[in-house]
Structure formats: C-alpha cells, structure tokens
Amino acid sequence: MKLQLVTILSAVLVVANAHGARRHAHHANIARQDGFIASASASSSAAAATSSSASSAVPVSSSPAASVAATSTPVPTASAVPGTGPAVPSPSGDISVPPLSSITSGMPTGTTYPVTTTYAPGAMPTYSGAVPLPSTAFVYVASEWPQPDKPAPTDSPQVQEWLKEIEGVEIPDIPVTNQGSCVDTPANAANSAEYGWWTCTGTVRSTDIVSCPDTDHWGVSYDDGPSPYSATLLKYLDEKNLKSTFFVVGSRAVERPDILIEEYMSGHEIGVHTWAHYDMTGLSNEQIVAELGWGREAIRRVLGVTPTIWRPPYGDVDDRVRAIATAMGLTTSIWTATPGGGKFDTNDWRVAGGLITGPQQFDAFESILGNASLLNTGFIVLQHDLFEITVDLAVGYTINAALSHNPPFTLEPIGQCNGIQTRDLYMETTSNQTYIAARKKATAGENTTATTSSGNSSAAGDSASGTSGASSAFALNSLLVFGALGAAAFALLI
C-alpha cells in the first residue's frame, strides 16, 4: 500500500510540474479514498473484493451511503479503443486534438486559443432580468486579494464581515477532517452517513442538486477553471451550440477575467468553486467562510453578479459545510451517482494526474453512459477545464460520444436542466422573494434557525442519501431545519 501511494504521489507531482497545477497533488488522496471504499466493500462482498483487486481496473469513485460497494471498470488495451491510430482530423471543427492513445500525462503542449470576443464595460447579458457588466473593467491587483490557490486568511475585514452571515445559524458540531481523507480521519468516516459526508459514502441531502429531473438529460459542468485551455473548450461548445455550468475557482477567475466574462456573456452558467480549491471538510468554520466568500467575491467583481450555486472541490462536503454554504446563500451541487455506486465522473483528471491513460479514461467514460439507463432521472457529469489533457478529452471524444449516443442525450447546463431561470442563479438578479428575504437577514446578521442541532447531529434534514437527486426529491423537512435559509435553497429549485 505504501509503495502504491508513493507511486501515485510521484505521478501527481510530475504532472503538477509539467502543467503548472498548483493544487492537484490532492488527487492522490482521492485515489486513497477509493482504496478505503474498496477495503470496506471487501468485508461485505467477495465479488466486489475480487473486482477491486484486478490489476487492470480503473479506480472509480465510492458508492452512496446506502451501499459502500466499490465498482471498477476493466480497461482494454489501447488498440481496442477508438482514436488510437495516427493523428486524424478532429471531429471538433478546426480545433486540433491528438489521437486518444497520445493523450496521457507528459504529452507535448498543443495550441491554445484567445477569447473570441472582448466585451466592453457595461455590456448587457442576454438573459431576462440581467444586469450589465461592471462599468469599470476589472484589473487584477494582487495586493487586494489573498494568495492564489492558498486558503484565504480569516482575519481580513472582508471575512469578518462575511462571518456575520452565519451568526445565529446552528452549525453541526462535526469534527474537522484531515484534509478530507476518509483513510486519515477514521472516526468521521465511520459516521459519514450521519454527518452527510459525501467523500466517504456518497451521502447527499435533499437540498443538494445532484441530477437533472428528466431522463436522458445530461447536466454539463466543468470545474477548476478558468485556465489557458478554457477558451479552447468555449470555442468547441460554441461550434456545437452547447451550454455548460462552469464552477470557477476564485483565484483563477481574477487572474483570467476575460475568459470568465466570455463564459458568462456567451450564455454559460457560473457557479462558485471556492477561492483556492481545498478540501472543505478539512477547514475550520472561519476558513470555510473565507473560501466561499472570496470565491463568490471574485466572480462578483469580474461579472457584477454573485452565483447562488456552488460545488465543493472534490465533492468534499458534509452537513457542517452545507450549513455554512446555505447561510451564505449557496446551494450545493454535486455530480450524479447510480444506485450501485457508480459516479458520473469522467475521470479526466486521472489522465492529467498520470493515474490512467486516455484510452482507459474513454473506456471508463463509456461505462458512465451505460449507467444512465439505471436511473429514473437525468444526470450531472463531472469534467474539468483546468488541464490541456482534460479539454482535449472533452472536445475530441467525450462530448462527441455523448452527442452520438443512442438514445440521444439532451445536453444542458445544470440550472437549465433543473428548470431554474438564469436570473435566479445570481443573487443580484433573482426574482425569488424567499431567497431575497433570507439574504437580507443573513447580511444583516439576523439569521435564526427553526430547530437546533446538538452534538454531531445533522442540520440538513433527514439523511437523504444515495442517488436522490432531482429537484422533485427535495424534502419539506429541510425547510424546517434551515428555516428561512433552507427555504431559500429549496425555493431556488422549484
């Protein structure tokens, strides 16, 4: 086990150096979570143990709370996978994409594209109820912001002001984890279903957005940008007339505001992905406020609007983190899981991390498409636009496979597939009066809760776990627990 961890960590460090990734060494930790789930599964299922021990298996994410049985997908040799021959014209217009067999950690750097449109200050988005971009163009001044890709300090005037938003909110007394690791935080892992800790058991709550309500609807989302490669993805999505939800990292948004503006003005949805992309359950309450606060502030300063949805980095969320996010006006969105525990994670990040190859990733991705038939809802898929590799996989292979699938999928951004008006995805434009009233109380430091939570009990209503998912599944008792703030999260989705 130690040797495997050393190998994984080495691979991640290599790709971090090759691609300038400042935080993705943590993906080795996610691989360790898979080992944790697999070992838990082995004691209850000999078949699962046999599958997880196969040397050719692709590591996949853990199961929902209802079952911790791990799943794995056999990986074919490169010659058995499409796109493994000589370079051929890309299926994505004039965007150059390597053959699938060449997409692997350490591959040569290809072409990057500039933004296609420069928007003037004060330009108006096209959705109903929109407000114009800020009247002054955003200019990044490093001294005005926390350090990039590092947890923000909690003693700044801004964070002290944001802390008022959680005053009076009953936050579950759940212990801080060791960097979001199930392996290194065994006490939390043993109570992960009770704590609503998604990382270990896939537990979700009724206020989480984890699927699209209608079958065969694909919630398109990309995490971790903006990056130098995001413009390539935007060019491709425009060619295909597709829209996505971009969960953006605040420290990267202020470094590349032109890309964020193009995403937003092109009609894509924008969500918060924190300031520095750290494991949220491994942070103190004050640090969580700082991460969410600076993440949404970065977006507000560039675009003039503040998102109402967020995605926890690595999906690392529990009821303590949910309570704080909800108090700050943010509804949690995670990717979908099947009843058997398969996650709709394309595993593109594993290729960038040197853990699997492009052909192995594509094979795992095709198994995801097969999982869609197991659901009575649509689904949300995790992809990334941080690395050149992950963008190559998206524009060259995964999205094209989705578009040619039989039966056909309807590809939509997460808000749209859940019937949420675009204006309601931003605090400044929402017409949701319940949400507006809750935000006024929060920003005035007047939050209250309808019920209290003692010890380590959940503050997110009943333990809605497993695949739960679309907006129709959101339970009324969540409103009673979160009071006005829970009502705001619920009202966003109805």
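So, how was this worked out
Residues numbered from 1 in each chain as written. Predicted model: local features only at pLDDT ≥ 70, side-chain atom pairs only at ≥ 80, totals over all residues. Heavy atoms only, no water. Helix = DSSP H or I, 4+ residues; strand = E, 2+ residues; numbered from the N terminus. Buried < 20%, exposed > 50% of the residue type's maximum accessible area, 1.4 Å probe, protein only. Contact = heavy atoms within 4.5 Å. Areas by Shrake-Rupley, 256 points an atom, 1.4 Å probe, with all protein chains shown as cover. Polar contact = N/O pair within 3.5 Å; in protein donor to acceptor, adjacent residues only side chain to side chain. Axes fitted to C-alpha atoms, helices over the stretch in contact; angles between N-to-C directions. Parallel < 35°, antiparallel > 145°, perpendicular 65-115°, else oblique. Left-handed = near helix turned anticlockwise from the far one by under 90°. pLDDT = per-residue confidence, 0-100. Phe/Tyr/Trp six-rings, centres within 6.5 Å; stacked < 30°, edge-to-face > 60°. Disulfide = S-S within 2.5 Å.

Visitor: Which parts of the structure should I look at to understand the overall build of the protein chain?
Guide: When you go through the protein chain residue by residue, the secondary structure sums to 18 helices and 9 strands. Expressed as a percentage of its 494 residues, the buried residues of the protein chain come to 58%. A separation threshold of at least 6 residues defines the contact pool for the protein chain, and within that pool the share at least 24 residues apart is 77%. Counting every atom, the protein chain has about 17800 Å² of accessible surface; 54% of that belongs to carbon and sulfur.

Visitor: Please explain helix 12 (residues 319-327) as it appears in this structure.
Guide: Residues that lie three or four places apart on an α-helix share one face, since the helix turns once every 3.6 residues. When you tally the buried positions in helix 12, you get 9 out of 9 residues, the bulk of the element. Listed as buried for helix 12 are Asp319, Arg320, Val321, Arg322, Ala323, Ile324, Ala325, Thr326 and Ala327. Where helix 12 begins, the side chain of Asp318 points an oxygen toward the backbone nitrogen of Arg320, at a separation of 3.2 Å. Residue Gly329 follows helix 12 closely and has a positive phi angle near 85°.

Visitor: Where do I start with unusual backbone geometry in this structure?
Guide: Across residues other than glycine, the phi torsion is negative in most instances, and most of the peptide bonds are trans. The amide bond that connects Gly225 to the next residue, Pro226, takes the cis arrangement and shows omega of 0°. Mapped onto the elements of the fold, Pro226 is located in the loop between strand 3 (217-223) and helix 8 (230-239). In this structure, Asp216 is a non-glycine residue whose phi angle is positive, near 65°. Take Asp216: its relative accessible area is 27%, and that puts it in the partly exposed class.

Visitor: What is the right way to look at the packing of helix 8 against helix 15 (residues 388-403) in this model?
Guide: In helix packing, the relevant descriptors are the interaxial angle and the interaxial distance, both defined with respect to the helix axes. Running from N to C, helix 8 and helix 15 point in directions that differ by 25°, and their axes come no closer than 9 Å. Classified by the angle between their axes, helix 8 and helix 15 sit roughly parallel to one another. Here helix 8 and helix 15 pass one another in a crossing that is right-handed. Together, Thr232, Leu233 and Tyr236 of helix 8 and Val391, Ala394, Val395, Ile399, Asn400 and Leu403 of helix 15 make up the contact between the two elements.

Visitor: I tried to follow the environment of Met107 on my own but got confused; where do I start?
Guide: Its location among the elements puts Met107 in the loop between strand 2 (72-74) and helix 4 (157-162). Judged by its relative accessible area of 10%, Met107 falls in the buried class. For Met107 and Ala352, which are 245 residues apart along the polypeptide, the C-alpha to C-alpha distance reads 9.6 Å.

Visitor: Is there a simple way to think about the confidence of the model for the protein chain in this case?
Guide: Regions with low pLDDT should not have their predicted coordinates read in detail. The share of residues in the protein chain with pLDDT of 70 or more is 71%, and the mean pLDDT across the chain is 78. Across residues 1-90, confidence stays below pLDDT 50; counting only partners more than four residues off in sequence or on other chains, it has 160 contacts. Note on residues 449-494: pLDDT under 50 across the span, and 120 contacts to partners over four residues away in sequence or across chains.

Visitor: Even after reading the chapter, I still don't get helix 10 (residues 257-265), so can you show me in this structure?
Guide: Of all 9 residues in helix 10, 8 are buried; the element is thus mostly enclosed. Taken together, the buried positions of helix 10 are occupied by Pro257, Ile259, Leu260, Ile261, Glu262, Glu263, Tyr264 and Met265. Buried residues along helix 10 sit against helix 8, strand 4 (245-248), helix 9 (250-253), strand 5 (269-272) and helix 11 (285-303). Among the residues trailing helix 10, Gly267 stands out with phi positive, at a value near 100°.

Visitor: Can you help me understand the packing of aromatic side chains in this one?
Guide: One pass over the full model with this rule turns up 17 aromatic pairs. A ring pair is formed by Phe344 and Phe379, whose centres lie 4.7 Å apart and whose planes are at 25°; its orientation type is stacked. On the criterion of sequence distance, the pair formed by Phe344 in the loop between strand 7 (331-332) and helix 13 (348-352) and Phe379 in strand 8 (residues 379-384) is long-range, its members being 35 residues apart. When sorted by exposure, Phe344 lands in the same class as Phe379, which is buried.

Visitor: I'm lost on the environment of Gly110 in this one. Help?
Guide: For Gly110, the location among the structural elements is in the loop between strand 2 and helix 4. A relative accessible area of 39% places Gly110 in the partly exposed class. A C-alpha to C-alpha distance of 9.8 Å links Gly110 and Tyr229, two positions 119 residues apart in sequence.

Visitor: Is there a simple way to explain the state of the cysteines in this structure?
Guide: What makes a disulfide is a covalent bond joining the sulfur atoms belonging to two cysteines. Under the criterion given, the structure shown has 2 disulfides. With its sulfur 2.0 Å from that of its partner, Cys182 forms a disulfide with Cys200. Across the S-S bond linking Cys182 and Cys200, the dihedral sits near -120°, which makes this disulfide left-handed. With a gap of 18 residues between them, Cys182 in the loop between helix 4 and helix 5 (186-190) and Cys200 in helix 7 (residues 198-201) connect regions that are remote in the sequence. Looking at Cys200, the relative accessible area reads 0%, which means it is buried.

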